[in-house]
Amino acid sequence: MPHVTDAPAPFWKTKRLEEMSPGEWESLCDGCGLCCLIRLEDEDTGEILATRVHCRLFDAGTCRCTGYAGRKAVVPDCIKLTPGNIEALSWMPKSCAYKRVHEGRGLADWHPLVSGDPESVHRAGVSVRGRTVSETALEEAEDAFDFIAPEFDRERGG
Ligand code: SF4
Ligand code: SF4
């Protein structure tokens, strides 16, 4: 006999970003690391371009910030994502969970909240794990122009 449950829908399907608790908000990050890449502005077009260079505080193995709480002291221009600024941050990756929920696209199957597995974002090829170099390895900041990576600006993982 079929068993029917009436489990409540998960929070990311029922709440807007501004309605989420701090814990729900944090858990929405899929750990892709795409927003921790150095981005450059094309002086001619104003276009923001992703590179394969990651921020000095980024751990390329875990795909996480190594000093999130105190990051502003080390990386003053790291932007804190909020429900109020996601719209204005047009360079945020199309696959970003916050952007997806904000735009009503929901979470992908590879999102750890959906799959129950933090590795699923990496298996799906959405994350930057193993694909980046640290900005600390560059001799000059301008060297990041040698690492422009259009693949990180395209939609990833469906
Ligand atoms: S792009 Fe979005 S989902 Fe990915 S690490 Fe940044 S905040 Fe998290
Ligand atoms: S300071 Fe941390 S959260 Fe900010 S860009 Fe760098 S690694 Fe990412």
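Rules of the game
Residues numbered from 1 in each chain as written. Chains lettered and ligands numbered in written order. Predicted model: local features only at pLDDT ≥ 70, side-chain atom pairs only at ≥ 80, totals over all residues. Helix = DSSP H or I, 4+ residues; strand = E, 2+ residues; numbered from the N terminus. Buried ≥ 20, exposed ≤ 12 C-beta atoms within 10 Å, placed from the backbone. Near = placed C-beta within 6 Å. Nonpolar A, V, L, I, M, F, W, Y, C, P; charged D, E, K, R; others polar. Pairing = 2+ DSSP bridges. Core = buried A, V, L, I, M, F, W, Y, C linked by C-beta atoms within 7 Å. Contact = placed C-beta atoms within 7 Å.

(A) Up close: the overall build of the protein. Each helix and strand in the protein was counted, giving six helices and five strands. In sequence order, the secondary structure elements of the protein are arranged as α-α-β-β-β-β-α-α-α-α-β. Overall, the C-alpha framework of the protein stretches about 65 × 30 × 30 Å when taken along its three principal axes.

(B) Representation of the environment of glutamate 87 within the structure. Structurally, glutamate 87 can be placed in the loop between helix H3 (71-74) and helix H4 (97-102). A residue is classified by how many C-beta atoms lie within 10 Å of it, and glutamate 87, with 11 of them, is exposed. Here the alpha-carbon distance between glutamate 87 and serine 120, two residues 33 residues apart in the chain, equals 26 Å.

(C) Structural detail: the site of ligand 1. In the region of ligand 1, the neighbouring residues are Cys29, Asp30, Gly31, Cys32, Gly33, Leu34, Cys35, Leu81, Pro93, Cys96, Ala97 and Tyr98. Of the residues belonging to the shell around ligand 1, the class tally is nine nonpolar, two polar and one charged.

(D) View of the pairing of strand E1 (residues 37-41). Two elements, E1 and strand E2 (residues 48-54), share four bridges in a ladder whose sense is antiparallel. Across the sheet, residue glutamate 41 finds its bridge partner in E2, namely isoleucine 48. Connecting E1 to the antiparallel partner E2 that follows it, the hairpin turn spans six residues, and glycine 46 within it adopts a positive phi of roughly 80°.

(E) Quick look at the sheet that holds strand E5 (residues 133-134). Read from one edge to the other, the open sheet built from three strands follows the order E1-E2-E5, with strand pairing classed as mixed. Each of the sheet's edge strands pairs with one partner strand only, and the pair in question is E1 and E5. Of the strand pairs in this sheet, E2 and E5 are connected by two bridges, and their pairing is parallel. Counted as the bridge partner of valine 53 is valine 133 from E5.

(F) Representation of the nonpolar core. Counting 21 residues, the largest nonpolar core has Cys32, Leu34, Leu37 and Val128 as the members making the most contacts within it. Sorting elements by how many residues they give to this core places H4 first, with three residues. Beyond its immediate sequence surroundings of up to four residues, leucine 34 is in contact with Pro93, Cys96, Val128 and Phe152.

The values are spatial; any link to function lies outside them.
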